[in-house]
Each structure stands twice: as structure tokens, then as C-alpha cells.
Amino acid sequence: MSTRKRRAFSADFKLDTVMEGFRGEKSISQICRERNITDSLYYKWRDIYLEQSKDIFKERRGTNDTGDEDRIAELERMIGRLTMENDILKKAKSWLGTTRRSNGR
């Protein structure tokens, strides 16, 4: 019984292999021989790439916009509240300052 260990290929290796095939400078068989993989493995990686690459250009507008809009609205409310508190404190400070001066303190 032969216990053959499966080789693990990095994502970069797979992408480089598929892209080299797309360039067309070498035949798929030659690329596979040089990289020590089977033709069927190359075509499997190519098919996965072609299937998943469609998602790269999909609109992502709807996925996180509502969360961003909610966060923006919350921050705008907080700014309004802090501005109002700041104005109240400024008025209180000026009022206390005039009261103290009139009392001689």
C-alpha cells in the first residue's frame, strides 16, 4: 500500500498558473509539466477562477450602505447634541461670569 501525501498549493501558485495559461505564451501541457501538476488540475483551477472572478465586479453598494447610513445618522445626532451642550455651557459660563462681577467676586 502506498501512502501518497497530497500536495497543497498556495493561492498565489494557483493564480500564477492559471494566468500563465491565459497569456497563451506556452501550451497548457507545457505549463503543467513545468509546474509538476496534471492538466486536469489546471483546468479545475481555471474553472474555479472563471466562476469566482465574476463576483469581483459586482455592485457592493447594497451590502453595507444601510449600516454606514445608520452610523452616519447616529454620529450626526451626537454632533448636534454635543453642539447644543457646548452652547448651553458657554451661555452658563458667560452668565456666571457677569453675576460674579456684579457681586464683586
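The coordinates are above.
In this report, the structure presented in the accompanying data block is examined. (Residues numbered from 1 in each chain as written. Predicted model: local features only at pLDDT ≥ 70, side-chain atom pairs only at ≥ 80, totals over all residues. Heavy atoms only, no water.)

Here we come to the packing of aromatic side chains. The geometry of an aromatic ring pair comes down to the distance between the two centres and the angle between the two planes. Scanning all chains against the criterion turns up five aromatic pairs. Here the aromatic rings of phenylalanine 9 and tryptophan 45 are separated by 5.2 Å at their centres, their planes lie at 70 degrees, and the arrangement is edge-to-face. Note that phenylalanine 9 is positioned in the segment before α1 (11–23) and tryptophan 45 in helix α3 (residues 39–52), a separation of 36 residues in sequence. Where phenylalanine 13 meets tryptophan 45, the ring centres are 6.0 Å apart and the plane angle is 90 degrees; that geometry is what we call edge-to-face. Of this pair, phenylalanine 13 sits in helix α1 while tryptophan 45 sits in helix α3, and the two are 32 residues apart along the sequence. For phenylalanine 13, a relative accessible area of 24% corresponds to the partly exposed category. In this structure, arginine 35 is placed above the aromatic ring of phenylalanine 13, and the distance from its NZ or CZ to the ring centre is 5.2 Å. (Phe/Tyr/Trp six-rings, centres within 6.5 Å; stacked < 30°, edge-to-face > 60°. Helix = DSSP H or I, 4+ residues; strand = E, 2+ residues; numbered from the N terminus. Buried < 20%, exposed > 50% of the residue type's maximum accessible area, 1.4 Å probe, protein only. Lys NZ or Arg CZ within 6 Å of the ring centre and 35° of its normal.)

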